[in-house]
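Breakdown of the fold
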Amino acid sequence: MRVITAVLLLVSTAAADFAHARTADGLDPLPGDTRPSRYKLLVELDTEHSRYSTHSTITFEVLRPTSRIVMHARELSIDEAQLDSGEPARIAYDTARQQMSFEFTRPLARGEHQLRIAYSAPIGTSIESLFQVSYPDPGGTQRKMYFTHLCCIATGRRFMPLWDRPDMKAVFELELIVPTELEAVSNMPVVKRELLPSGMSRVTFQPTPRMSSYLLFFGVGAFDRVSEQVGSARLSVLTQRGKSEHGRFALQASADVLRYYNDYFQSPYPLPKLDAVTFPGAGAFGAMENWGAMFFFEDYMLIDPALSADEDRQRVYQVMAHEVSHQWFGNLVTMKDWSDLWLNEGFASWMATNATDHFHPEWHMWLHASEDRESAMRLDARASTHPIIRKVQTLEQAELAFDDITYQKGSQVIRMIEAQVGQDAFREAIRAHMRNHAYGNAVTADLWKELERVAPVPVSAIARDFTEQGGVPLIDVVSTKCISGSTRVLLRQGRFGLDQESRKARSWSVPVTAAVAGSDRIAHQVIHGARTVPLEVPGCGAVKINVGETSYFRTRYDPQSFAGLEQAFERLAPADELGLLNDTYSLGEAGYVNLGDYLEIASRLTPASDPLLSLQLVRCLLALDRLYSGLDSQEPLRIYARSRMSDLLAAVGWSPRGGESANTSILQATLIEGLATLGDRATIAEANRRFHSISTDSRADTSDTRRAIINAVGSGADAATFDEITRLARESANTAEKHAYYVAAARASDPQLARQMLDLTVTDQIPVQLSAVLITTVAAVHPALAFDFVTSKFDLVSRRLESSARIWFVPALAAYGVDTAAAEKLTAFARQRIGAAGSETVERARSKILLNAETRQRRLPQVDAWLRQHPQFPARRYQ
Ligand SMILES: [Zn+2]
């Protein structure tokens, strides 16, 4: 599963009815006396009435004699259920536990039995269970596709009665009855397709291997495809008609990484085919790894030469690498339960960055990953954090597990452990883990066992400390001193926290490296506990801690060492420069150092710096600008930010001049959008000039900055421009283009227009799945406006959300707030409409808002002071 981090808490992976489901046994309520071995399913689609009916034969094993078979089920009403002996079942529903039981007159003996069940249910529109999506074909005619999405928690049980747990693996044998004009695709290849007297077609698929039920998938629609053979597997990208060529790039990515993983895991991909099926439109998550039939939203799969940028190519490649790696980590070997979710997601995130970096070293994916690491640390340094491995006891906790701690901290911790043991030993451990648990389940301790067997140095303490407790270590450089040709560094471990609660003492076994700037002689040491320890670093000069930023901690330097490092900044590798910038900003934000220190060190950057360093600066300036929102002192910051960003834009230009890196074109796009956000008139005027040629000729200006230009026009739009953009969106028959125009309009900085967009999101003009994305886009610019709109029209809005988003959505919007009033409004709303079932979600959002408010009140004066001290900055900056 790949979630959209930008949409923060809007990670709608499950569809639980939380009002009833917050019980300690919500996740593990089954008696444990039965388990499934095979589900034979015949599913018939009634597209005219938007319903489906299922006849299933479930083969299961009775482990202890029982007269009562309990399965998960939600909102399903069974027409008929009987044993293979013909005995009918008495059915009882337990809504609170999301269960259904089938009772018989006599206990069933130990061993195998079969239960036949028939039922029918509606086909919905939100992305869960079996749902339909409407989209315009290239001729503008509305078409429909049908898909299942059974991941992850409490979702499969809405589609069928089942043992809804990752460790209840079984074989799935699927037959579908579908309209004859539509194609059907599932995890396994089609065995046969026959025309029925009814005029419908029956499609039979090969049985799946033994797998977890959340990986079952089918899709029905009019598809085009591009394909390629890799080893024994046929790889395909399936798209809506007329778009298959846009899937070519993703196909190449899937072929690259499949070969890479076949070798890495030393266990070839076991299925005969691997499809990547595209959902025509936007939605709440990026992609899903269903075995043999991955599922992607268009934004995460298609490259449209007229609209896509390098950023899209990097995202498509990396998301493909993520989902394909799940075919092993997740599908072949699955976590035992959701407490070990990171074994799926941390590994897939780490693997995807590695594989993408392997094929595209010029993208510097590990430098890009520093942004994800920052997101993880920001969450991990607050009271509401959790350990990577967390005993999940409620559905809300299981939902919250799909966050940056699990994905990104997980990925960073794996990277740190790999750096400790070496790539070869680490790969050996992974291969053994795959061999020993194939088609089964595993817990984190199983992996550590393999690692201990092959690791040349002990790593268990590090592994446990970073996965079993939350929080971010802080390594303090107490002093540095040159003594006969080497530098003695005194280090002390503490804890980095953004609030009081998260500063409480805690200690880790932290692998620390250090080197003199410009030197490749690296000193290593694992630091335990809080006492001050010396580290001898070869050579004399400014010392950088955490060389290459491969360990997960923050570093604070004493003032003298920091000053030395600032002077030596240009001699550091980009990863170290980036680490220093990130740490300094974050330490400043939390009050460990003066926030002006960040601006000071960032003034070392020039237009010749690595584009990812410039991107770090742009993002920090935009983050500061959001914190300044509504304050009189915002203008000096804006003048400074516009000046620095305009200089950068002048240096990189508005469109490729030939020969730039992909990261440079990402910088171009970010600068254009960012300057428009800051209200830069020159940028908005130039964007409008270019936009006119784009909108009158879709082939004009196919550069990588096309979408950025549209976004800039959206940000600076007046009423006439807003109408123009929304008209283009309405009239476009290209789902990606439609999406891009609506998102651009939602960025409007004019509050009147933002309000107009919010009103639009609850009309039929906007595709259902796009509403939440647009409201969130408005909230990023006008948090209070978006919050007030959604809370005043909650019933209307929530009809367009997935059911679980009733809990997520409002806190996600509120989290953009920067003052205590926003926190209070959220509390009041939560009390009325969310209740105890969403308490952790609400608390996370509240702590984010209060942190924003504190930074605004206590740290921005430091930025004001720095700006006052550097009135001439733009003139003297690159001397
Ligand atoms: Zn994933």
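The structure presented is a predicted model; accordingly, all values stated were derived computationally and were not measured.

Across its full length, the protein holds 29 helices and 29 strands. In terms of overall size, the protein behaves like a compact globule, its C-alpha atoms giving a radius of gyration of 27 Å where 879 residues would be expected to give roughly 29 Å. Looking at the protein as a whole, 63% of its 879 residues qualify as buried. Carbon together with sulfur atoms contributes 49% to the accessible area of the protein, which is approximately 31,300 Å² in total. Here the protein carries 94 positive and 104 negative side-chain charges, and the mean point of each set is 3 Å from the other.

Where helix H8 (residues 404-421) contacts helix H11 (residues 460-468), the two axes come as close as 11 Å, and the packing angle between them is 170 degrees. As judged from the angle between their axes, H8 and H11 are roughly antiparallel. Along its contact with H8, which presents Lys409, Val413, Met416, Ile417 and Gln420, the element H11 presents Ile462, Ala463, Phe466 and Thr467. Partitioned by chemical class, the residues of the contact of H8 with H11 number 6 nonpolar, 2 polar and 1 charged.

This paragraph deals with the state of the cysteines. Formally, a disulfide is one covalent bond, and it connects the sulfur atom of one cysteine to the sulfur atom of another. With the rule as written, the count across this model stands at 2 disulfides. Across the disulfide from Cys151 sits Cys152; the S-S distance is 1.5 Å. Where Cys151 bonds to Cys152 through sulfur, the torsion about that S-S bond is close to 50 degrees, and the disulfide is right-handed. Between the sulfur of Cys482 and that of Cys540 lies a disulfide, 2.0 Å long from S to S. Between Cys482 and Cys540, the S-S torsion sits near 80 degrees, and that sign places the bridge as right-handed. With a gap of 58 residues between them, Cys482 in strand E23 (residues 472-483) and Cys540 in the loop between strand E27 (533-538) and strand E28 (543-545) connect regions that are remote in the sequence. With cysteine numbering restricted to those in disulfides and following the sequence, the protein has the pairing 1-2, 3-4.

What follows deals with the packing of aromatic side chains. Following the criterion strictly, the structure yields 44 aromatic pairs and no others. Measuring from ring centre to ring centre gives 6.2 Å for Phe249 and Tyr317, while their planes differ by 65 degrees; the resulting arrangement is edge-to-face. Of this pair, Phe249 sits in helix H3 (residues 248-265) while Tyr317 is found in helix H4 (residues 310-326), placing the two residues 68 residues apart along the sequence. The partly exposed category is assigned to Phe249, whose relative accessible area is 23%. Aromatic pair Trp342 and Trp448: ring centres 5.9 Å apart, planes at 50 degrees, arrangement tilted. Of this pair, Trp342 sits in helix H5 (residues 341-359) while Trp448 sits in helix H10 (residues 444-454), and the two are 106 residues apart along the sequence. Taken as a pair, Trp342 and Trp448 share a single burial class, namely buried. Over the ring of Trp366 we find Arg415, and its NZ or CZ is 4.2 Å from the ring centre. Taking the ring centre of Phe496 as reference, the NZ or CZ of Arg554 above it sits at 5.1 Å.

Attention now moves to the sheet that holds strand E3 (residues 51-62). On the basis of which strands lie adjacent, the open sheet formed by 7 strands has the order E5-E8-E3-E2-E11-E14-E13 and mixed pairing. The open sheet has two edge strands with one neighbour each: strand E5 (78-83) and strand E13 (190-195). For this sheet the average axis-to-axis angle between neighbouring strands, irrespective of direction, equals 15 degrees.

Going from Cys151 to Cys152, the amide bond is cis rather than trans, its omega being 0 degrees. Structurally, Cys152 is set in the loop between strand E10 (142-149) and helix H2 (156-159). Within the chain, Ser50 stands out as a residue other than glycine whose phi angle is a positive 50 degrees. Tracing the sequence through the fold places Ser50 in the loop between strand E2 (34-46) and E3.

Another point: the nonpolar core. Among soluble globular proteins, nonpolar side chains are generally buried collectively. Phe102, Phe147, Tyr261, Phe347, Phe426, Leu491 and Ile545 are the most contacted members of the largest nonpolar core, which has 296 residues in total. The biggest single contributor to this core is helix H15 (residues 611-628), with 11 residues. Excluding residues within four positions of it along the chain, Phe102 makes contact with Ser67, Arg68, Ile69, Met71, Ala81, Ala89, Arg90, Ile91, Leu115 and Ile117.

This next bit is on the pattern of salt bridges. Under the definition given, this model contains 51 salt bridges. Beyond isolated ion pairs, a larger network of salt bridges with shared partners links Arg74, Glu75, Glu128 and Arg158.

A few words now on the environment of Gly714. Looking at where Gly714 falls in the secondary structure, it is placed in helix H19 (residues 706-715). Linking Gly714 and Asp576, residues 138 residues apart in sequence, is a C-alpha distance of 36 Å.

Moving on, we come to the pairing of strand E24 (residues 486-496). Pairing of E23 with E24, which is carried by 11 bridges, proceeds in the antiparallel orientation. What sits directly across from Ser479, in E24, is Leu490. Connecting E23 to the antiparallel partner E24 that follows it, the hairpin turn spans 2 residues, and Ser484 within it adopts a positive phi of roughly 35 degrees. Here 5 bridges tie E24 to E27, and the two strands are oriented antiparallel to one another. Counted as the bridge partner of Leu491 is Val533 from E27.

Our next topic: H19. Burial analysis of H19 places 9 of its 10 residues in the buried class, which makes it a mostly covered element. For H19, the complete set of buried residues consists of Arg706, Ala708, Ile709, Ile710, Asn711, Ala712, Val713, Gly714 and Ser715.

Each packed pair of helices is defined by two parameters, the angle between the axes and the distance between the axes. At a minimum axis separation of 9 Å, helix H6 (residues 365-380) and H8 run at an interaxial angle of 120 degrees. Classified by the angle their axes make, H6 and H8 are oblique. As for how H6 packs across H8, the hand of that crossing is left-handed. Contact residues: H6 offers Trp366, Ala369, Asp372, Arg373, Ser375, Ala376, Leu379 and Asp380, while H8 offers Asp404, Ile405, Gln408, Lys409, Ser411, Gln412 and Arg415. For the contact of H6 with H8, the residue count by class is 5 nonpolar, 4 polar and 6 charged.

Note on placement: Val454 falls in helix H10. For the pair Val454 and Leu760, spaced 306 residues apart in sequence, the C-alpha separation works out to 59 Å. With residues near it in sequence (within four places) discarded, Val454 still touches Ala425, Glu428 and Ala429.

Thresholds, definitions, all that
- Residues numbered from 1 in each chain as written.
- Predicted model: local features only at pLDDT ≥ 70, side-chain atom pairs only at ≥ 80, totals over all residues.
- Heavy atoms only, no water.
- Helix = DSSP H or I, 4+ residues; strand = E, 2+ residues; numbered from the N terminus.
- Rg over C-alpha atoms; globule rule 2.2 N^0.38 Å.
- Buried < 20%, exposed > 50% of the residue type's maximum accessible area, 1.4 Å probe, protein only.
- Areas by Shrake-Rupley, 256 points an atom, 1.4 Å probe, with all protein chains shown as cover.
- Lys, Arg positive; Asp, Glu negative; His and termini not counted.
- Charge placed at Lys NZ, Arg CZ, Asp CG, Glu CD.
- Axes fitted to C-alpha atoms, helices over the stretch in contact; angles between N-to-C directions.
- Parallel < 35°, antiparallel > 145°, perpendicular 65-115°, else oblique.
- Contact = heavy atoms within 4.5 Å.
- Nonpolar A, V, L, I, M, F, W, Y, C, P; charged D, E, K, R; others polar.
- Disulfide = S-S within 2.5 Å.
- Phe/Tyr/Trp six-rings, centres within 6.5 Å; stacked < 30°, edge-to-face > 60°.
- Lys NZ or Arg CZ within 6 Å of the ring centre and 35° of its normal.
- Pairing = 2+ DSSP bridges.
- Core = buried A, V, L, I, M, F, W, Y, C linked by side-chain atoms within 4.5 Å.
- Salt bridge = Lys/Arg side-chain N within 4 Å of Asp/Glu carboxyl O.
- Left-handed = near helix turned anticlockwise from the far one by under 90°.

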